[in-house]
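Each chain is listed here by its residues.
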Amino acid sequence: MQILHLNLKLKGDDFVEFRFYWDNPLKFQPVSRSRGEISDLIKKSEAEYYTYLPVDYTQTGQNLYEWLNGDKRDLDRVIHDGSSGEEIVLAIATSEGLSHLPWELLHDGKDFLVKSTPAIVPVRWVPNSRSMKVLTMEDKPKNEALSVAFMPASPHNKPKLDLVEEEISILKASQESPFSLEIEYSGCLNKLKGLINKHDKGFFDVLHLAGHAENSYFITETESGEAEYSSAKDIANALLFKNPQLIFLSACRTAYSRESSIPSMAESLVKKGFKAVLGWGDRVLDTSAIAAAKIFYQYLSSGSTVTQALAQTYRKLIETEKGWHLLRLYVKESLPGALVTASKEPGRIPPHRKITTLPVKNCYYQLKQCVSILKQDSKKGVLILGKSTITSLYTDALCERLPKSKIVKLNQQIDELEFVNKLASELENSEQRNALSNAFQRGDKLKYSLRDLFKKRNETGLEPLIFLFNDFQYNLEGEQDKLTIDAIDILENLMLAITDTETGSRERVIITSEQDLKNSLLKDFDKQI
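Residues numbered from 1 in each chain as written. Predicted model: local features only at pLDDT ≥ 70, side-chain atom pairs only at ≥ 80, totals over all residues. Heavy atoms only, no water.

**Focus: the sheet that holds strand E3 (residues 29–34)**
- Within the open sheet, the eleven strands sit side by side as E3-E2-E1-E4-E5-E15-E14-E13-E9-E7-E8. Their pairing is mixed. Sheet topology places E3 and strand E8 (180–183) at the edges, where each strand pairs with a single neighbour. On average, each strand axis in the sheet is inclined to that of its neighbour by 25°, with strand direction left out of account.
- Here strand E7 (residues 147–152) pairs with E8 via four bridges, running parallel. Each bridged residue has a counterpart across the sheet, and for alanine 149 the counterpart in E8 is glutamate 182.
- Lying over the sheet, helix H3 (residues 74–82) contacts strand E1 (2–11), strand E2 (15–21), E3, strand E4 (88–93) and strand E5 (120–125), oriented at roughly 165° with respect to E3. (Pairing = 2+ DSSP bridges. Helix = DSSP H or I, 4+ residues; strand = E, 2+ residues; numbered from the N terminus. Axes fitted to C-alpha atoms, helices over the stretch in contact; angles between N-to-C directions. Contact = heavy atoms within 4.5 Å.)

Right, dumping it as structure tokens:
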């Protein structure tokens, strides 16, 4: 891969000098342009491109190419003289408002440059004014599966987005080319910070944020689900010292800014120290965002470089999506190459966490809410009411979205012996298994055994337990559908152990039932229908 730079140097008050060069900024091809021309191009793009009824994209791309090329065919000559036949990254400096122009549409009269062979991929480059004006390639792929942190954000006081389809598209990409995916459903930066901090620096290769954006702010959620306008600084603080190689901002206008004095969200993040940021240059349809995510991650997770994956995304989106050209890549001083090795590389470490159950489409926001509730201190569990055929699919998806938890699953009728045996079988520590079994044989109160177990797991850093009781309606009896004595005893002891202040318990309970359960033991449960 070669990098062709397009940098600017001011010449007096009215002119700029375009400098085309490859790897040596001292060997450049100078091209003079007036600042007025750039200003006119920006105004023209506002009238003919950033509009609901744009001029034909091919014509816009040709006009932009002809202006850049000039009468002397400056761009053509530089490429002809310096190209080695490899893919070319056209690194265009963001100064003087150049970042606002639709470079992805560059068209040489034959085809869009992103479709040429080899491809020419425009990127928006934010050079450091105090360093040499060269964008370097950092190609140090890890010999392991790609690792992505995904946070969808959809505050309840903002229009609903089809985030479930975007999640499904990413999950399908991970099934075709396996990669690790961890999802933070809260939409909250504080919660995202907690997820990132659970892992070492460099653990996540990509952070994918999906939702709304306005005026260079990404709209995340408060812990209560309301809109919170998060700046680039807020996101940078949440990821402090653990920046991923790439951030994908899947939201409208995250790569758009008309005024050079007010950078886009993507450019702001690059200026905060992130190596590369993908965003959208205008309003984008859900279908385009969904398709782009799937294609991009398919190639990136298979060992393609970031720009190769982007080029393939453009090529495939051109066939189906009018907004393909709105996807924009911003970079700073170094351009990430391949983040991981090819899928069949010998010794490649497989995904550490792979979600296999697709979310139930009609239950997406309920699923998101449940994940958030199970992480709160105020609620100790969720009661999910509905037909067992639906709730079983729902809880499968829910449990896969509770990372760092161990699921203890019990079905239909329960009694203390079955409960203890099942719990013991799920414990990875033999000392804990023996302690639980011995306590039961001695006839100790279950609440004390559970309290001691939860406290020990918390102190030793083991995963919290999630107790899943499926089809709990089988524990109802009599005409008034009261809980059986066995069910009451287990729930009572379990809730006493969870709420015991000495344990610092992180354990939670999920109950599914086809019939409503009205019992004071469930007062700290959130009911989902």
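Still to come is the rest of the account.
**Structural notes on the pattern of salt bridges**
- Scanning the entire structure with this criterion turns up 15 salt bridges.
- Taking the shortest distance from any N to any O, the salt bridge between arginine 35 and glutamate 96 comes out at 3.1 Å. Here glutamate 96 lies in the loop between E4 and E5 and arginine 35 lies in helix H1 (residues 35–48), a separation of 61 residues in the sequence.
- On the basis of relative accessibility, which here comes to 30%, the residue arginine 35 falls in the partly exposed class. (Salt bridge = Lys/Arg side-chain N within 4 Å of Asp/Glu carboxyl O. Buried < 20%, exposed > 50% of the residue type's maximum accessible area, 1.4 Å probe, protein only.)

**A few points about helix H8 (residues 286–300)**
- Taking 1.5 Å per residue, 15 residues should reach 21 Å; H8 reaches 21 Å between its end C-alpha atoms and fits that length.
- Ser288, Ala289, Ile290, Ala292, Ala293, Ile295, Phe296, Tyr297, Gln298 and Leu300 are the residues of H8 that are buried. (Expected span 1.5 Å × (residues − 1).)

**Thoughts on the environment of alanine 145**
- Relative to the helices and strands, alanine 145 resides in the loop between strand E6 (136–138) and E7.
- C-alpha of alanine 145 to C-alpha of phenylalanine 179: the two residues are 34 residues apart in sequence and 5.1 Å apart in space.
- When neighbours within four sequence positions are excluded, alanine 145 is seen to be in contact with Pro178, Phe179, Asp205, Val340, Arg348, Ile349, Pro350 and Pro351.

**Quick word on the pairing of E7**
- Across the six residues that make up E7, a large majority, six, are buried.
- Where burial is concerned, the two faces of E7 agree: the one with Ser147, Ala149 and Met151 and the one with Val148, Phe150 and Pro152 are both buried.

**Side note on a negative patch on the surface**
- Together, Asp415, Glu418, Glu477, Asp486, Asp489 and Glu492 give the surface a local cluster of negative charge.
- Mapped onto the fold, glutamate 418 is located in helix H12 (residues 416–426).
- Residue class for glutamate 418 comes out partly exposed when judged on its relative accessible area of 32%. (Patch = residues over 30% accessible without salt bridge, like charges linked within 9 Å, V, L, I, M, F, W, Y side chains within 5 Å. Areas by Shrake-Rupley, 256 points an atom, 1.4 Å probe, with all protein chains shown as cover. Lys, Arg positive; Asp, Glu negative; His and termini not counted. Charge placed at Lys NZ, Arg CZ, Asp CG, Glu CD.)

**What about the packing of aromatic side chains?**
- A full pass over the atoms with the stated rule returns 16 aromatic pairs.
- Pairing phenylalanine 179 with tyrosine 297 gives two aromatic rings, centres 5.9 Å apart and planes at 40°, and the pair type is tilted. Taken together, the residues phenylalanine 179 in the loop between helix H4 (163–176) and E8 and tyrosine 297 in helix H8 connect sequence positions 118 residues apart.
- We classify phenylalanine 179 as buried; its relative accessible area is 1%.
- Between phenylalanine 248 and tyrosine 297, the aromatic rings sit 6.1 Å apart at their centres with planes inclined by 35°, giving tilted as the arrangement. Note that phenylalanine 248 is positioned in strand E13 (residues 246–250) and tyrosine 297 in helix H8, a separation of 49 residues in sequence.
- The class for phenylalanine 248 is buried, based on a relative accessible area of 0%.
- Counting every residue linked through ring pairs, the aromatic cluster contains Phe419, Phe454, Phe467, Phe469 and Phe472. (Phe/Tyr/Trp six-rings, centres within 6.5 Å; stacked < 30°, edge-to-face > 60°.)

**Some points on the nonpolar core**
- Ranked by internal contacts, the top residues of the largest apolar core, which has 70 residues, are Leu146, Phe296, Tyr297, Leu300, Leu329, Leu398 and Ile510.
- Residue contacts for leucine 329: discarding those within four places in its chain leaves Val123, Arg124, Leu246, Ala276, Val277, Leu278, Val306, Thr307, Leu310 and Leu335.
- In terms of nonpolar packing, the next biggest core, distinct from the first, is built from 34 residues, Ala424, Leu494, Ala497 and Ile498 among them. (Core = buried A, V, L, I, M, F, W, Y, C linked by side-chain atoms within 4.5 Å.)

**Details of the sheet that holds strand E12 (residues 227–230)**
- Reading across the sheet, the three strands line up as E10-E11-E12 and stay open at both edges, with antiparallel pairing between neighbours. For this open sheet the edge positions go to strand E10 (212–214) and E12, each flanked by a neighbour on one side alone. Between one strand axis and the next, the sheet turns through 40° on average, direction left out of account.
- When strand E11 (residues 217–221) meets E12, the two strands line up antiparallel, connected through four bridges. Paired with glutamate 221 across the bridge in E12 is alanine 227.

**What to know about the packing of H12 against helix H14 (residues 446–459)**
- With their axes 13 Å apart at the nearest point, H12 and H14 run at an angle of 15° to one another. Overall, the two elements H12 and H14 adopt an arrangement that is roughly parallel. Viewed along their axes, H12 and H14 form a crossing whose handedness is left-handed. Touching Glu416, Phe419, Val420 and Leu423 of H12 are Leu446, Leu450 and Leu453, all from H14.
- For the contact of H12 with H14, the per-class residue count stands at six nonpolar, no polar and one charged. (Parallel < 35°, antiparallel > 145°, perpendicular 65-115°, else oblique. Left-handed = near helix turned anticlockwise from the far one by under 90°. Nonpolar A, V, L, I, M, F, W, Y, C, P; charged D, E, K, R; others polar.)

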